[in-house]
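One-letter residues, chain by chain:
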Amino acid sequence: MADKKYLIELENISKSYTLSGQRKLQILHDVCSKFPRNAWSILLGASGSGKTTLLNLIGALEAPDAGSILFDGTDYRQIMRSAAAAADFRNRKIGFIFQNYQLLPEFTILENVLLPARLAGTPLRNARSRAEELLSRLGLQDRMHHRNVELSGGEQQRAAVARALINDPELILADEPTGNLDSQTGEKLLELFRELAADHTIIMITHNEALTGRADNVLHLKDGRLNTMDSDI
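Residues numbered from 1 in each chain as written. Predicted model: local features only at pLDDT ≥ 70, side-chain atom pairs only at ≥ 80, totals over all residues. Heavy atoms only, no water.

*Asks:* Looking at this structure, how should I read the nonpolar core?
*Replies:* As a rule of thumb, nonpolar side chains are buried together in soluble globular proteins. Core analysis: the largest hydrophobic core is formed by 39 residues, its most contacted members being Trp-40, Leu-135, Phe-193 and Met-204. Broken down by secondary-structure element, the contributors of at least two residues to this core are β3 (40-44), α4 (109-119), α5 (124-137), α6 (153-165), β7 (171-175), α7 (183-196) and β8 (201-206). Leaving out residues up to four positions away in the same chain, Leu-135 has contacts with Ile-109, Leu-110, Val-113, Leu-140, Gln-141, Met-144, Ala-159 and Ala-162. Residues Ile-27, Tyr-76, Ile-79 and Leu-226 belong to the second largest nonpolar core, which totals 28 residues. (Core = buried A, V, L, I, M, F, W, Y, C linked by side-chain atoms within 4.5 Å. Buried < 20%, exposed > 50% of the residue type's maximum accessible area, 1.4 Å probe, protein only. Helix = DSSP H or I, 4+ residues; strand = E, 2+ residues; numbered from the N terminus. Contact = heavy atoms within 4.5 Å.)

Here you go:
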């Protein structure tokens, strides 16, 4: 039975990919961990350690080869019973923040932020009000009708945060979110994460050990294996 203290539970997760010539590359080895609700967890690891793969599994973007993932007690095998069900789950329950922002260049910033809410069936009026509120909160009230090419990296990242929050997800997944930012802008984003962790579960991956003191919990991933001895979880 799932522990209500934790939003995400990983049980013996393994993942591999088949390369050319049918050779298998094992990425994750029997990973077990739990991520508490309303807390900011950092998954620390060098490039190639498997942290992005693990984040993709938690985000229901891929399925593990073995093991199980629980979200609030519900097994991902049930959540991912179809592509449509998995997409709906991701849209309603998870906010994604990518290192490269992933803003659609043909849309304005406001339209980018609106999109997940519209896909969720939120009426346009309500979605627009929520998007404008978030963008204003993030200091982008004067940039709403600009396209991403007209924004700085820091502004684009803040827009990506607004998009991640539009459906008020329980879980926020952040992939190296400060990697392309200058130190001042990165600091502001980390302060925002600290604020958001009061009522959201945040899992952030990074290779930067200097950031680990900011989070509630730190997990170390090396060569696809999780070192839980260095974790507070």
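*Asks:* Help me understand the pattern of salt bridges in this model?
*Replies:* Side-chain pairing between opposite charges can occur once the charged atoms of the two side chains come close. Tallied over the full model, the rule gives 11 salt bridges. Put simply, Lys-15 and Glu-62 hold a salt bridge, and the shortest N to O gap is 3.9 Å. Placement of Lys-15 in strand β1 (residues 6-18) and of Glu-62 in the loop between α1 (51-58) and β4 (66-71) is noted, with a sequence separation of 47 residues between them. Between Lys-15 and Asp-65 there is a salt bridge whose closest N-O contact spans 4.0 Å. Here Lys-15 is found in strand β1, whereas its partner Asp-65 is found in the loop between α1 and β4, with 50 residues between them in sequence. (Salt bridge = Lys/Arg side-chain N within 4 Å of Asp/Glu carboxyl O.)

*Asks:* Would you explain the side chain of Asn-112 in this entry?
*Replies:* Inspection of the secondary structure assignment puts Asn-112 in helix α4. For Asn-112, a relative accessible area of 2% puts it in the buried group. In this view, Asn-112 contacts Leu-103, Leu-104, Phe-107 and Arg-163; residues no more than four positions away in its chain are not counted.

*Asks:* What exactly am I supposed to notice about the layout of surface pockets here?
*Replies:* Any empty space left between atoms is shown by rolling a water-sized probe over those atoms. The calculated volume of the largest pocket comes to roughly 440 Å³. Around the largest pocket, the lining comprises 18 residues; the ones closest to its centre are Asn-91, Phe-96, Pro-116, Leu-119 and Arg-163. Among the elements of the structure, α3 (83-93), β6 (94-97), α4 and α6 are those that each provide at least two residues to the lining of the largest pocket. Here the element with the most residues in the lining of the largest pocket is α4; it accounts for 4 residues. Among the residues making up the lining of the largest pocket, the classes are represented as 11 nonpolar, 5 polar and 2 charged. (1 Å grid on protein atoms, 1.4 Å probe; cavity = no way out; pocket = protein on both sides within 12 Å on 5 of 7 lines; lining within 4 Å. Points joined across faces, edges and corners; volume = space filled by probe spheres on them. Nonpolar A, V, L, I, M, F, W, Y, C, P; charged D, E, K, R; others polar.)

*Asks:* Looking at this structure, how should I read unusual backbone geometry?
*Replies:* Apart from glycine, the bulk of residues carry a negative phi angle, and the bulk of peptide bonds sit in the trans form. Residue Ala-60 is not a glycine yet carries a positive backbone phi of 60°. For Ala-60, the position within the fold is in the loop between α1 and β4.

*Asks:* Help me understand the packing of aromatic side chains, please; the structure alone is not making it clear to me.
*Replies:* Two numbers describe a pair of aromatic rings. These are the distance of the centres and the angle of the planes. Taken as a whole and assessed by the stated rule, the structure comprises 4 aromatic pairs. Plain terms: the ring middles of Trp-40 and Phe-193 are 5.6 Å apart, the flat faces sit at 85° to each other, and that makes the pair edge-to-face. Residue Trp-40 is found in strand β3, and its partner Phe-193 is found in helix α7; the two are separated by 153 residues along the sequence. You can call Trp-40 buried: its relative accessible area is 0%. Exposure remark for Phe-193: the relative accessible area of 0% places this residue in the buried category. Relative to Phe-89, the ring of Tyr-76 has its centre 5.6 Å away and its plane inclined at 70°; by these criteria the two rings are edge-to-face. Taken together, the positions of Tyr-76 in helix α2 (residues 76-79) and Phe-89 in helix α3 put the pair 13 residues apart, joining distant regions of the chain. One aromatic cluster is present, formed by Phe-71, Tyr-76 and Phe-89 through successive ring pairs. (Phe/Tyr/Trp six-rings, centres within 6.5 Å; stacked < 30°, edge-to-face > 60°.)

Read these as layout, nothing more, since geometry by itself doesn't imply function.
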